[in-house]
Amino acid sequence: VQLQASGGGLVQAGGSLRLSCAASKRVSRLDTMGWYRQAPGKQREFVASATSGGNTNYADSVKGRFTISRDNAQGTVALQMNSLKPEDTAVYYCNSANPHNSRIKYWGQGTQVTVSS
């Protein structure tokens, strides 16, 4: 397993959760790290990403509520999720991608986030 995600759970609307993803040494510290999510019956969608240089990108649906951060030395990436909404309910996957062409190289195993109304 190259990427190990953790931190999911059940939270009420308006609450917060923090997801973490630990990368093995096979994952290049130069890779772009990110999070996607997949809700039941829907396609997997982009949530946020962070380059090794610290540039971040967010889906419009999470801007202002979610914050991605990474520790290149530790090989970890985190997703702080605040003001959660029921529509944020999904399985969240971390990934690593080629920093030059954005091709996904590795996927984590996914962690369930459930937001109750």
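Presented here is an overview of the structure given in this document. Throughout, residues of each chain are indexed from 1 in the direction in which the sequence is written. Thresholds applied to this predicted model are a pLDDT of at least 70 for local features of residues and 80 or more for the giving and counting of side-chain atom pairs; totals over whole chains, interfaces and linings are not thresholded and use all residues. Values shown for side chains rest on all heavy atoms present in the structure; no hydrogens or waters enter the calculation.

1. Some details on the pattern of salt bridges
Throughout this description, the term salt bridge denotes a Lys or Arg side-chain nitrogen within 4 Å of a carboxyl oxygen of Asp or Glu. Counted according to the given criterion, the structure contains 5 salt bridges. Here arginine 37 ties to aspartate 88 by a salt bridge, and the two come within 2.9 Å at their closest N and O atoms. Here aspartate 88 lies in the loop between β8 (76-81) and β9 (90-97) and arginine 37 lies in strand β4 (residues 32-38), a separation of 51 residues in the sequence. The classification of residues rests on relative accessible area computed with a 1.4 Å probe and restricted to protein chains. Under 20% of the type maximum is buried, over 50% is exposed, and intermediate values are partly exposed. A residue is classified by how much of its surface remains accessible, and arginine 37, at 6% relative accessible area, is buried. In this description a helix means any DSSP run of H or I spanning at least four residues, a strand means any run of E spanning at least two, and both kinds are numbered starting from the N terminus.

2. What about the side chain of serine 96?
Following the sequence through the fold, serine 96 ends up in strand β9. Under the relative-accessibility criterion, serine 96 is labelled buried at 0%. The contact definition used throughout considers only heavy atoms, calling two residues in contact when any of these lie within 4.5 Å. Setting aside residues up to four positions removed in sequence, serine 96 forms contacts with Leu3, Val27, Asp31, Thr32, Met33, Arg103, Ile104, Lys105 and Tyr106.

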